[in-house]
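Notes for the structure review
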Amino acid sequence: MIFQDSKTLLEVHGLCATVNGIEILKGMELTVRYGEVHAIMGPNGSGKSTFSKVLAGHPSYQVTDGTVLFGGQNLLDLAPDARARAGVFLGFQYPIEIPGVANSQFLRLAYNTMQAQHGKDELDPLEFDDFVREKMKLLEMNPDFLDRSVNEGFSGGEKKRNEILQMALLAPRLAILDETDSGLDIDALRVVAGGVNQLANKDNAIILVTHYQRLLNYIKPDYVHVMESGRIIKTGGKDLAVELETRGYDWVSAENKAGAVVPA
Amino acid sequence: MTVAAPNRYLASLLAGQPQLPASLLAWFNDLRSHAVDRVGALSVPTTRDEEWRFTDISPLTGIPFHPVRGGSKPDIAQLAEFILTGAGAGLVFVDGEYAPLLSFNNTGITVTSLASGLASHGTVIEPHLGRHAEFQSNAFAALNTAFLHDGAIVIAPRNVAVSAPLHVLHVATQKGAASYPRCLVIAEPGSVVTVVEEFVALQNDVYFTDAVTEIVLADGARVHHVRVQRESGQAFHVSNCAISLGRASHYQSVSVALGARISRCNLNVVQTAEGVECAIDGLALVAEQQLADTHTCIDHAQPHGVSRQLHKCIVDGAARAVFNGKILVRQGAQRTDSSQSSRNLLLTSKARVDTKPQLEIFADDVKCAHGATVGQLDSEEVFYLMSRGFPEAAARNLLTYAFGAEVISRIPVASLRHKLEQRVLAQTNSQSVSK
């Protein structure tokens, strides 16, 4: 939601990044204020996922130019774990399976790392168990998922619920949800989107990276951006997403090439 | 192994043997003297022997180990950390010698020393002791058998199930000593038993453990077998386990190797009848200059046998791990279903693993899957944990721990599982600090 006089949380300026020497991001511009929900859309290969991974600090991507300020701090100076502790959360398109680590243990260690960061008390396993079970209700998750290894053998929908559960526990200032809707059936999509909506508030912001408009039926964005060739070529309100759904991406591209105004 | 002229080193180890008292049982004396003869004919294997190609045991022969000398036994307080919570019986052997005052048995089945087992169950033991662990060509099994005088005997009677684990604890206390732990488990038809063998040390001494374990499963018996080798970091550990599986029996084993400068574990499993199932898992976690070698052989000698095997090695520092997993499917062992997986994690550029799946299949209607991987920690997994706020070292430790925990989680004894999880977590943490 757009709040009047809301402070800027994220400021991306002229961001360029490469992977294996190939330039993927070519001058990204984006400003996100507290309370806002931004959707970044675009065809495959436009750089959406790269952008989310660069923000989280994935080591395979090299930033070659540009700046990213997060709460006034230079985000690019921070290691991935420090970004997480500063309040950046990436919901993975393909959450990683970690056989041998119980989900409960993983969630508790992650939660306690964040608690320690904020000078708050860590929770022991029993205290955490009560706490996490409450959060799981939000996502209609079966508590059995606590005893299983992290994401191991989870269905696509269960993995995405587990991602949003982590978002609920870590309470990030900025949540970047990379293709959270992919692989979800309509019921799982409703539950996951419902969880995200409950977590959205005036003290955080959300970037939804998505190929399809479907997710945006459930999570209403304040801004919709279209990416192509490593930068944003059009920005609009939520109606833009609907238009993209009916007309596809080509017209945006054509309009852009024809010299239409590129939003600042 | 080559048969060579009498070996001076083996002869020196044998020097203490003649002092062993003769048994009243002629077959027992015969067994031992036959083993003495074999020791005289065999030699310490070298890397020229195919079975020892990757493991140079020669540092052993540079040290003149002596037989265990009588000395003060540790008291129960010194062993407190090694006690297995929830055990139904505990046999303690100090440098290979039975310590009755430290042992107990609340199970109602025979869990006792070799001497008392021979006295009460001599005819049950005779067909099995020394009959499964081949020592004709195996110098270390021969040496152990030549020293046969003490050991653990477990006899699970027909259709008796014991749920509490039986703990056989071997404690090394003497520097420079050679000890010859021995264990025989006889699971009669339909019996169920869990045996935990553990090798520990009170100090970080140089010593030599040469162990032999024989386990016999009669028809329909179920045995869970756990071996934990956490000898001193200076020790040499050689063990030979021979498992004989009867009709429709189930054998599950988990071996964990954490200690010893050089360790070698041979595990030979023979499916002697139809419809046998076995699961054989192992974990070796070594660092610095350690070497851990595991050789397993699963012999599918009869039809309709199932075997599952997962062996993992975590190698840090300049350590080495060796795995040789032989699956033998004999002619006529139709409908055999076997799978083997060797997975290895190298934590440094100096760490090394030699892994060799070895399938020998002489039947045509079988299913045999095998695979081996050697790798480093997955950078995507490390990134995933870091993106949740874990510092890089913590992320790596957790993933290393998790790699090993998969094997440990298969140990059917909760208290031991918990203890080993803590141990592996501590060991992976300390390793990353030392780098």
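1. Section: the overall build of chain A
- Each helix and strand in chain A was counted, giving eight helices and twelve strands.
- Taking 18 Å as the expected radius of gyration for a compact globule of 264 residues, we find that chain A reaches 18 Å, a close match to that expectation.
- By its C-alpha atoms, chain A is 60 × 40 × 40 Å across when sized along the principal axes.
- Per-residue burial for chain A yields a buried fraction of 46% across its 264 residues.
- Taking contacts inside chain A between residues at least 6 apart in sequence as the whole, the part at least 24 apart equals 72%.

2. Considering the overall build of chain B
- Scanning chain B from terminus to terminus reveals eight helices and 22 strands.
- Compactness check: chain B gives a C-alpha radius of gyration of 21 Å against a globular reference of 22 Å for 435 residues, within 12% of the reference.
- For chain B, the spread of C-alpha atoms along the principal axes amounts to about 70 × 55 × 50 Å.
- A total of 435 residues make up chain B; the buried ones form 52% of that total.

3. A few points about the packing of helix α3 (residues 103-117) of chain A against helix α5 (residues 156-170) of chain A
Residue and element names in this part refer to chain A.
- At a minimum axis separation of 9 Å, α3 and α5 run at an interaxial angle of 30 degrees. Classified by the angle between their axes, α3 and α5 sit roughly parallel to one another. Two packed elements cross with a definite hand, and for α3 against α5 that hand is right-handed. Judged by residue contacts, Leu107, Ala110, Tyr111 and Met114 of α3 engage Gln166, Leu169 and Leu170 from α5.

4. A word on the nonpolar core
- Judged by nonpolar contacts, the single largest core of 210 residues is most densely connected at Ile176 of chain A together with Val154, Val185 and Ala321 of chain B.
- Among the elements that line this core, the one with the most residues is helix α7 (residues 392-408) of chain B, at nine residues.
- Here this core spans two domains, and each of domain 1 (8-273) and domain 2 (378-435) of chain B adds at least three residues to it.
- In this view, Val154 of chain B contacts Thr110, Val111, Leu166, Val185, Ile186, Val193 and Val195 of chain B; residues no more than four positions away in its chain are not counted.

5. Describing the interface of chain A and chain B
- Counting residues at the interface gives 20 residues for chain A and 18 residues for chain B.
- Elements supplying a minimum of two residues to the side of chain A that touches chain B: α2 (80-86), β7 (98-102), α3 and α5 of chain A.
- Its residues assigned to classes, the side of chain A that touches chain B shows 14 nonpolar, four polar and two charged.

6. Re helix α5 (residues 139-146) of chain B
Residues and elements named next belong to chain B.
- In terms of burial, α5 is a largely internal element, eight of the eight residues being buried.
- Within α5 the residues assigned to the buried category are Ala139, Phe140, Ala141, Ala142, Leu143, Asn144, Thr145 and Ala146.
- Where α5 is buried, its residues meet α1 (8-14), α2 (26-41), β9 (182-187), β11 (208-217) and β13 (236-245).

7. A closer look at the confidence of the model for chain B
Residue and element names in this part refer to chain B.
- This prediction gives chain B a mean pLDDT of 93; 96% of its residues lie at or above 70.
- Throughout residues 1-5 the model reports pLDDT below 50, and contacts reaching past four residues in sequence, or to other chains, amount to twelve contacts.
- In this model, residues 431-435 is a region of pLDDT below 50 whose contacts with residues beyond four sequence positions or in other chains number five contacts.
- Among the scores for the predicted complex, ipTM is 0.95 and pTM is 0.83.

8. Examining the sheet that holds strand β1 (residues 8-19) of chain A
Residues and elements named next belong to chain A.
- The antiparallel open sheet is built from four strands, whose spatial order is β2-β1-β4-β5. In this open sheet, the two strands that pair with only one neighbour each are β2 (22-33) and β5 (73-74).
- Pairing of strand β4 (residues 61-70) with β5 involves two bridges; the strand directions are antiparallel. Its bridge partner lying in β5, Phe70 is registered against Gln73.

9. Structural notes on the domain arrangement of chain B
All names here are of chain B.
- Domain annotation of chain B identifies domain 1 (8-273) and domain 2 (378-435).
- For domain 1 and domain 2, the distance between their C-alpha centres works out to 31 Å.
- With twelve residues of domain 1 at the interface, the matching set in domain 2 holds eleven residues.
- Looking at the side of domain 1 that touches domain 2, the elements that each hand over two or more residues are β10 (192-201), β12 (222-230) and β14 (250-257).
- Here the side of domain 1 that touches domain 2 takes three residues from β12, the largest share from any one element.
- In the side of domain 1 that touches domain 2, the residues fall into eight nonpolar, four polar and no charged.

10. Some remarks on the sheet that holds strand β3 (residues 37-41) of chain A
Residue and element names in this part refer to chain A.
- The six strands are arranged β6-β9-β10-β3-β11-β12 in an open sheet whose pairing can be described as mixed. Only two strands of the sheet have a single partner each, and these edge strands are β6 (88-91) and β12 (231-236). When the angles between neighbouring strand axes are averaged without regard to direction, this sheet yields 20 degrees.
- Pairing analysis gives five bridges linking strand β11 (residues 223-228) to β12, with the strands arranged antiparallel. If you follow Glu228 over to β12, its bridge partner there is Arg231.
- Sitting on the sheet, helix α7 (residues 238-247) is in contact with β3, β11 and β12, with an inclination near 45 degrees to β11.

11. Here we look at the environment of Arg108 of chain A
All names here are of chain A.
- Inspection of the secondary structure puts Arg108 in helix α3.
- A tally of 22 C-beta atoms within 10 Å means that Arg108 is categorised as buried.
- For Arg108 and Gln166, which are 58 residues apart along the polypeptide, the C-alpha to C-alpha distance reads 9.9 Å.
- Ignoring anything within four residues of it in the chain, the contact list for Arg108 reads Leu123, Pro125 and Phe128.

12. Focus on the packing of α3 of chain A against helix α4 (residues 125-138) of chain A
Residue and element names in this part refer to chain A.
- Packing of α3 against α4 brings their axes to within 11 Å, and their N-to-C directions diverge by 95 degrees. The orientation of α3 relative to α4 falls into the category roughly perpendicular. In this structure, α3 uses Ser104, Leu107, Arg108 and Tyr111 to contact α4, whose residues at the interface are Pro125, Phe128, Asp129 and Val132.

13. Observations concerning the pairing of β14 of chain B
Residue and element names in this part refer to chain B.
- Within β14, six of the eight residues are buried, which leaves the element mostly enclosed by the surrounding structure.
- In this sheet, strand β16 (residues 277-286) lies alongside β14 in parallel orientation, the contact comprising eight bridges. Bridge pairing in β16 places Ala257 opposite Ala284.

What counts and how
- Chains are numbered independently. Their residues run from 1 in the order of the written sequence.
- Following the order in which they are written, the chains are lettered starting with A and the ligands numbered starting with 1.
- For a predicted model such as this one, the threshold for reporting local features is a pLDDT of at least 70, and the threshold for listing and counting side-chain atom pairs is 80 or more; totals across whole chains, interfaces and linings nevertheless cover every residue.
- Helix and strand definitions here come from DSSP, where helices need a minimum of 4 consecutive H or I residues and strands a minimum of 2 consecutive E residues; each element is numbered from the N-terminal end.
- The globule rule used here is 2.2 Å times the number of residues to the 0.38 power, and the radius of gyration it is set against is calculated over C-alpha atoms.
- Buried means a residue has 20 or more other C-beta atoms within 10 Å of its own C-beta, exposed means 12 or fewer, and partly exposed covers the counts in between; C-beta atoms are placed from the backbone.
- This entry defines residue contacts through backbone-placed C-beta atoms, with two residues in contact when those atoms are within 7 Å.
- Angles here are taken between N-to-C directions and fall from 0 to 180 degrees, while the axes themselves are lines fitted to C-alpha atoms, restricted in helices to the stretch in contact.
- Roughly parallel covers angles under 35 degrees, roughly antiparallel covers those over 145, roughly perpendicular covers 65 to 115, and oblique covers all other angles.
- The hand of a helix crossing depends on one turn: near helix anticlockwise from the far one by less than a right angle means left-handed, and clockwise means right-handed.
- In this description, a nonpolar core means buried residues of the types Ala, Val, Leu, Ile, Met, Phe, Trp, Tyr and Cys, linked to one another by C-beta atoms lying within 7 Å.
- These domain limits were set by an automatic method or by a database of domain assignments.
- Amino acids outside the nonpolar list (Ala, Val, Leu, Ile, Met, Phe, Trp, Tyr, Cys, Pro) and the charged list (Asp, Glu, Lys, Arg) are all regarded as polar, and Gly is one of them.
- Residue-level confidence of the predictor is summarised by pLDDT, bounded by 0 at the bottom and 100 at the top.
- Here, strands pair whenever DSSP counts at least two bridges between them.

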